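# Notes for the structure review
Single-letter residue listing:
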Amino acid sequence: MIYPRCHFYSFYTKIDLSENFATEPPGQIELPISEKKLHGENYKNVESKFEDMGFENIKYEKVRDLKFGLFAHSGDVSEVTINGDNDFKKGDNYNKKSKIKIYYHVFPK
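Keep in mind the model is a prediction, meaning the values are calculated, not measured.

### Observations concerning a nonpolar patch on the surface
- A cluster of nonpolar side chains, contributed by Phe-68, Leu-70 and Phe-71, occupies part of the molecular surface with about 500 Å² of accessible area.
- Topologically, Leu-70 is positioned in the loop between β2 (57-64) and β3 (77-82).
- Its relative accessible area of 66% is what places Leu-70 among the exposed residues.

### Some thoughts on the nonpolar core
- Counting 19 residues, the largest nonpolar core has Leu-31, Phe-50, Phe-55, Val-80, Phe-88, Ile-100 and Ile-102 as the members making the most contacts within it.
- Beyond its immediate stretch of four places on either side in the chain, Phe-88 contacts Leu-31, Ile-33, Ser-34, Glu-35, Leu-38, Phe-50, Val-80, Thr-81, Ile-82 and Tyr-94.

### Considerations on the side chain of Glu-35
- Here Glu-35 lies in the loop between β1 (28-30) and α1 (43-53).
- Sequence-distant contacts of Glu-35, that is, excluding residues within four places in its chain, are made with Glu-79, Val-80, Asn-86 and Phe-88.

### Focus: the confidence of the model for the protein chain
- Chain-level statistics for the protein chain give a pLDDT mean of 85 and a share of 77% at 70 or above.
- Mean pLDDT across the secondary structure elements of the protein chain bottoms out at β1, with 96, and peaks at α1, with 98.

### Examining α1
- Those residues of α1 not exposed but buried are Tyr-43, Val-46, Glu-47, Phe-50 and Met-53. Down the axis of α1, the buried side of the element spans an arc of 120°, and every buried residue falls inside it.
- Tucked inside the fold, the buried residues of α1 contact β1, β2, β3 and β5 (99-106).
- Positive backbone phi, at 115°, marks Gly-54, one or two positions downstream of α1.

Thresholds, definitions, all that
Residues numbered from 1 in each chain as written. Predicted model: local features only at pLDDT ≥ 70, side-chain atom pairs only at ≥ 80, totals over all residues. Heavy atoms only, no water. Patch = residues over 30% accessible without salt bridge, like charges linked within 9 Å, V, L, I, M, F, W, Y side chains within 5 Å. Areas by Shrake-Rupley, 256 points an atom, 1.4 Å probe, with all protein chains shown as cover. Salt bridge = Lys/Arg side-chain N within 4 Å of Asp/Glu carboxyl O. Helix = DSSP H or I, 4+ residues; strand = E, 2+ residues; numbered from the N terminus. Buried < 20%, exposed > 50% of the residue type's maximum accessible area, 1.4 Å probe, protein only. Core = buried A, V, L, I, M, F, W, Y, C linked by side-chain atoms within 4.5 Å. Contact = heavy atoms within 4.5 Å. pLDDT = per-residue confidence, 0-100. Arc of directions from axis to C-beta.

Have a look at this one:
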């Protein structure tokens, strides 16, 4: 009697465990910086940071409070808010459509 040869193949699925399974929900952005760390930076640089993070609704407003420019320079950020909140911290999550408002110092007219 002749027995046919049987071949068994092992099929497996490779699972990549290096992926971060605790990702943000779609449209959410985890902040890599707190509001306080943005004070004193140029408002255009701060705007670029938020754009690079993926935020889509970024506005800025002048604060006409400089007298001599000794402690702050024209264009330096005085405050940043997300949906009106200026107490955000590194690791907080916000929707990419959140309203970002950058306030920066300028001299009065």
